[in-house]
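Summary of structural features
Residues per chain, in single letters:
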Amino acid sequence: MATGGLNMIKNVMPSLPESERKIAHYILEHPQVIVNCTAGELGAYANASSAAVIRLCKSIGVKGFQELKVRVAGDLTKPIEQGYRDIEPNETIQSIVQKTTSNSIQGLSDTSEIINYEELECAVTALLKAKNVHFFGIGASHIIAMDAQQKFLRINKGSTAFSDAHLVASLIANADPDDVVFGISFSGETPEVTKVLSLAKESDVKTISLTKYGQSTVSALADIQLFTSYSYEAPFRSAATSSRLAQLYMIDILFLCMAAKQYDETVHYIDKTREAIKFLKNSK
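For clarity, every value in this text was computed on a predicted model and none was experimentally measured. (Residues numbered from 1 in each chain as written. Predicted model: local features only at pLDDT ≥ 70, side-chain atom pairs only at ≥ 80, totals over all residues. Heavy atoms only, no water.)

1. Considering the overall build of the protein
- Helix and strand counts for the protein come out as 14 helices and 5 strands.
- The C-alpha atoms of the protein give a radius of gyration of 21 Å, which matches the 19 Å a tight globule of 284 residues would have.
- Overall size of the protein, expressed as C-alpha extent along the three principal axes, is 70 × 50 × 35 Å.
- Buried residues in the protein amount to 46% of all 284 residues.
- Surface accessibility of the protein: about 14,700 Å² in total, with carbon and sulfur atoms responsible for 56%.
- Taken together, the 28 basic and 31 acidic charged side chains of the protein have centroids lying 3 Å from each other. (Helix = DSSP H or I, 4+ residues; strand = E, 2+ residues; numbered from the N terminus. Rg over C-alpha atoms; globule rule 2.2 N^0.38 Å. Buried < 20%, exposed > 50% of the residue type's maximum accessible area, 1.4 Å probe, protein only. Areas by Shrake-Rupley, 256 points an atom, 1.4 Å probe, with all protein chains shown as cover. Lys, Arg positive; Asp, Glu negative; His and termini not counted. Charge placed at Lys NZ, Arg CZ, Asp CG, Glu CD.)

2. A look at the side chain of Thr-228
- Positionally, Thr-228 belongs in strand 5 (residues 224-228).
- Aside from chain neighbours lying at most four places away, what touches Thr-228 is Asn-11, Thr-111, Ile-114, Phe-186, Leu-210, Thr-211, Lys-212, Tyr-213, Ala-246, Gln-247 and Met-250. (Contact = heavy atoms within 4.5 Å.)

3. A word on the packing of aromatic side chains
- Within this structure, the stated rule accounts for 4 aromatic pairs.
- Ring geometry for Tyr-26 versus Tyr-45: centroids 6.0 Å apart, planes at 25°, classification stacked. Of this pair, Tyr-26 sits in helix 2 (residues 18-29) while Tyr-45 sits in helix 4 (residues 39-45); the two residues are 19 residues apart in sequence, bridging distant segments of the chain.
- Residue classification places Tyr-26 among the buried residues on the basis of a relative accessible area of 18%.
- Centroid distance Phe-135 to Phe-152: 5.1 Å. Interplanar angle 90°. Geometry classified as edge-to-face. Linking Phe-135 in strand 1 (residues 132-137) with Phe-152 in helix 9 (residues 140-154), this pair joins segments that are 17 residues apart in sequence.
- Among the aromatic side chains, those forming a connected cluster through ring pairs are Phe-135, Phe-152 and Phe-182. (Phe/Tyr/Trp six-rings, centres within 6.5 Å; stacked < 30°, edge-to-face > 60°.)

4. Observations regarding the pattern of salt bridges
- Evaluated as defined, the whole model comprises 10 salt bridges.
- The shortest N-O distance in the salt bridge between Arg-55 and Glu-20 comes to 3.9 Å. Within this pair, whereas Arg-55 is found in helix 5 (residues 50-60), its partner Glu-20 is found in helix 2, the two being separated by 35 residues in sequence.
- Overall, Arg-55 belongs to the partly exposed group, its relative accessible area being 40%.
- The class of Glu-20 is buried, set by a relative accessible area of 5%. (Salt bridge = Lys/Arg side-chain N within 4 Å of Asp/Glu carboxyl O.)

5. So, the pairing of strand 1
- The element strand 1 is extensively covered by neighbouring structure, given that 5 of its 6 residues are classed as buried.
- Pairing of strand 1 with strand 2 (residues 158-160) involves 3 bridges; the strand directions are parallel. Bridge pairing links Asn-132 to Gly-158 in strand 2.
- Since strand 1 and strand 2 lie parallel, the crossover through helix 9 that links them has a hand, and here it is right-handed.
- Sheet analysis places strand 1 next to strand 3 (residues 180-184), joined by 5 bridges and oriented parallel. (Pairing = 2+ DSSP bridges. Right-handed = clockwise from strand over helix to strand, strands pointing away.)

6. Brief notes about the packing of helix 10 (residues 165-173) against helix 11 (residues 191-202)
- Running from amino to carboxyl end, helix 10 crosses helix 11 at an angle of 10°, the nearest separation of the two axes being 10 Å. Regarding the angle of helix 10 to helix 11, the classification is roughly parallel. Here Ala-165, Val-168, Ala-169 and Ile-172 of helix 10 come into contact with helix 11, specifically with Val-196, Leu-199 and Ala-200.
- A class-by-class count of the residues in the contact of helix 10 with helix 11 yields 7 nonpolar, no polar and no charged. (Axes fitted to C-alpha atoms, helices over the stretch in contact; angles between N-to-C directions. Parallel < 35°, antiparallel > 145°, perpendicular 65-115°, else oblique. Nonpolar A, V, L, I, M, F, W, Y, C, P; charged D, E, K, R; others polar.)

7. Brief notes about the state of the cysteines
- Summed over all chains, the structure comprises 0 disulfides.
- Cys-37 provides the cysteine sulfur closest to Cys-57, a residue in no disulfide bond, and the two sulfurs are 11 Å apart. (Disulfide = S-S within 2.5 Å.)

8. Some thoughts on the confidence of the model for the protein
- Here the protein averages 90 in pLDDT, and 93% of its residues register 70 or above.
- By mean pLDDT, helix 7 (residues 93-113) is the weakest element of the protein at 87, and strand 3 is the strongest at 98. (pLDDT = per-residue confidence, 0-100.)

9. Regarding the pairing of strand 5
- Within strand 5, 5 of the 5 residues are buried, which leaves it mostly tucked inside the rest of the structure.
- Pairing of strand 4 (residues 206-212) with strand 5, which is carried by 5 bridges, proceeds in the parallel orientation. Bridge pairing in strand 5 links Ser-209 to Gln-225.

10. A short note on the nonpolar core
- Ranked by size, the top nonpolar core spans 29 residues in total, and within it Leu-127, Phe-182, Ile-208 and Leu-254 carry the most contacts.
- Broken down by secondary-structure element, the contributors of at least two residues to this core are helix 8 (117-129), strand 1, helix 9, strand 3, strand 4, strand 5 and helix 13 (242-261).
- The greatest single-element share of this core, amounting to 6 residues, is contributed by helix 13.
- The contacts of Ile-208, once residues within four sequence positions are left out, are Ala-123, Leu-127, Val-180, Val-181, Phe-182, Gly-183, Ala-222, Ile-224 and Leu-226.
- Grouped together as the second largest cluster of nonpolar side chains are 27 residues, Ile-9, Ala-24, Cys-37 and Leu-68 included. (Core = buried A, V, L, I, M, F, W, Y, C linked by side-chain atoms within 4.5 Å.)

This is how it looks when you write it as structure tokens:
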């Protein structure tokens, strides 16, 4: 059963206009009510309009009110989740291990619920067709770009992961028509990533974005939009902890989807690269 309706609402809540925020707040406070009411009834309950309900559905990325109802109904059947927890002064190592594990699982679960499978399919198709994939991210997002490059190179997919925007600009200027520029920014507002995707758009190079859920400058510039869930991280978790894991998770999904579509080729290239690495390790 589809889930993630409440998670989607929480993710976009800060950016919603007042009329939609009132409805979103009502849904989060009374999730059971939405399952059996119409858009007009929900609007009345929240002191808003049915039109605002429809706009909210668009804002959170669902196809309509019926899909939102189905997703919220699915949420209500799930076990109660602990949510994200921060460390405390002088906390035991055992407790920190437990919290870190719980937070990581929560982040991956929340991200899995908001995956748009049509966009994911488009991304996989574009990446398979691409001659080269140019991954670009700054700071912690650059780590994700390097991980993606390493995976793609192992299956003979040309890829780069420079953190220097000037180098990436040079690549875009000379890009092949089938190249893809893949911008990674958790906030969706990283200036360097915004400029790189803007340049790619000007150069008619296909673009993919990976940002937190909801509209942002980076996602708005991309032809294909991929998202991770926005975790309400406490102070010690704000250093790209669960967000980093969720981004790596999305890269893994892309890689494995590509591998499944060209299984024999992937196995062949993985075996070749494994033998090459083994040769280096055994060489004296």
